[in-house]
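Observations on the three-dimensional arrangement
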Amino acid sequence: MTEPHATTALPHATTAPPAASAAPPLYLRVAAALRADLAGGGIAPGSRLPSERSLVHRFGVNRQTVRSALRLLRDEGLVVTERRGTYAAPPDPAAGRPAPVLGAGLLDFPLGVAGPDRVVEAALAWEPPSGGAAGLLGLLPGEPTLVHRHRVLGPDGTLEHGAVSRFSRHALAEVPELGRYRRLETRPGRRADLRPAYRWMHRAGLRLTRRESIGVGLPSAAAYLTVHREVYDQHGHVLEVTDIRFAPRSAPLTYEFTA
């Protein structure tokens, strides 16, 4: 959103007799103007609001007044403040509109919580992504990145599903917990618990949209289910690409949609 430069005149109260109530505080009038922008579509859901400095110039008030107005809008659930700035809150899923966030049940990377009778194996590597994923991840051809391999074994030791996840250059730069796995620190087969990865992304100020496509493989032996996942932040940057393959007997994915 282009930040306005012209000053917006706030309405001034007319002279009133002593018994009349005083004019509302400036921060309430700033909040009302921004609320109108949000309601009227002048600031789209998920879009970044103008900076505090721009709002100070627009409304002709001091920075504390702007901060008080934004605090009120946050309390009303109309905006959210992250380390990169303040954004218009995403639409309410209960209103039947899209929301670029993951439901609480989808926050465990990469597949949710395995059952108590399952064995989970996970390992990290630092290697170039296979296939055409390099460009999507913002990597040069042959450039290595953090790769996470995840397997779930059933009670009889058979493979139920496996996942290979590759993280983008942007994710490693923006999420401190992922960035600590630098190349020299990542040895082949090193065990690591990345289950909180999506929570780490949220903590870094990233709001996630997860896109998944489902396919069915039909080899001569047995059919299997495949899922290709791409995770984006609110600015359209790819954070992670994951490919999942389920054994014929097991496909326990649960999806949540808002549309």
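All figures in this text were calculated on a predicted structure; none of them were measured in a lab.

Let us look at the sheet that holds strand E4 (residues 145–153). Overall, antiparallel pairing links the 6 strands, which are arranged E3-E4-E5-E8-E7-E6 in an open sheet. Edge positions in the sheet fall to strand E3 (119–127) and strand E6 (209–217), since each of these pairs with one other strand and no more. Ignoring which end each strand starts from, the neighbouring axes of this sheet average 15° apart. As defined by bridge partners, E4 adjoins strand E5 (residues 159–167) across 7 bridges and the pair is classed as antiparallel. By the bridge assignment, Val147 is partnered in E5 with Arg166.

Turning to the packing of aromatic side chains, a few remarks are in order. Applying the stated rule across the entire model yields 2 aromatic pairs. Arranged with centres 5.6 Å apart and planes meeting at 40°, the rings of Phe109 and Phe167 form a pair that is tilted. Note that Phe109 is positioned in the loop between strand E2 (85–88) and E3 and Phe167 in strand E5, a separation of 58 residues in sequence. Here the two residues Phe109 and Phe167 agree in accessibility, since each one is buried. Consider the rings of Phe109 and Tyr198, whose centres lie 5.6 Å apart with planes at 80°: the pair is edge-to-face. Pair noted here: Phe109 is in the loop between E2 and E3 and Tyr198 is in helix H7 (residues 197–203), with a separation of 89 residues, a long-range link. Overall, the relative accessible area of 2% leaves Phe109 in the buried class. Site record: aromatic cluster; members linked through ring pairs are Phe109, Phe167 and Tyr198. When the ring centre of Tyr87 is taken as origin, the NZ or CZ atom of Arg207, which lies over that ring, is 5.0 Å away.

Applying the stated criterion to the full structure yields 10 salt bridges. For the salt bridge of Glu52 with Arg67, the shortest nitrogen-to-oxygen distance reads 3.0 Å. One end of the pair, Glu52, is in helix H2 (residues 52–59); the other, Arg67, is in helix H3 (residues 63–75), and 15 residues separate them in sequence. Residue class for Glu52 comes out partly exposed when judged on its relative accessible area of 24%. On the basis of relative accessibility, which here comes to 37%, the residue Arg67 falls in the partly exposed class. As a salt-bridge pair, Arg151 and Glu121 come within 2.9 Å of each other at their nearest N and O atoms. Taken as a pair, Arg151 in strand E4 and Glu121 in strand E3 lie far apart in primary sequence, 30 residues in all. Accessibility expressed as a relative area gives 37% for Arg151, which makes it partly exposed. What makes Glu121 partly exposed here is its relative accessible area of 34%. Residues joined by salt bridges that share partners form a network here, namely Glu52, Arg63 and Arg67.

Each value, and the rule that gives it
Residues numbered from 1 in each chain as written. Predicted model: local features only at pLDDT ≥ 70, side-chain atom pairs only at ≥ 80, totals over all residues. Heavy atoms only, no water. Pairing = 2+ DSSP bridges. Helix = DSSP H or I, 4+ residues; strand = E, 2+ residues; numbered from the N terminus. Axes fitted to C-alpha atoms, helices over the stretch in contact; angles between N-to-C directions. Phe/Tyr/Trp six-rings, centres within 6.5 Å; stacked < 30°, edge-to-face > 60°. Buried < 20%, exposed > 50% of the residue type's maximum accessible area, 1.4 Å probe, protein only. Lys NZ or Arg CZ within 6 Å of the ring centre and 35° of its normal. Salt bridge = Lys/Arg side-chain N within 4 Å of Asp/Glu carboxyl O.

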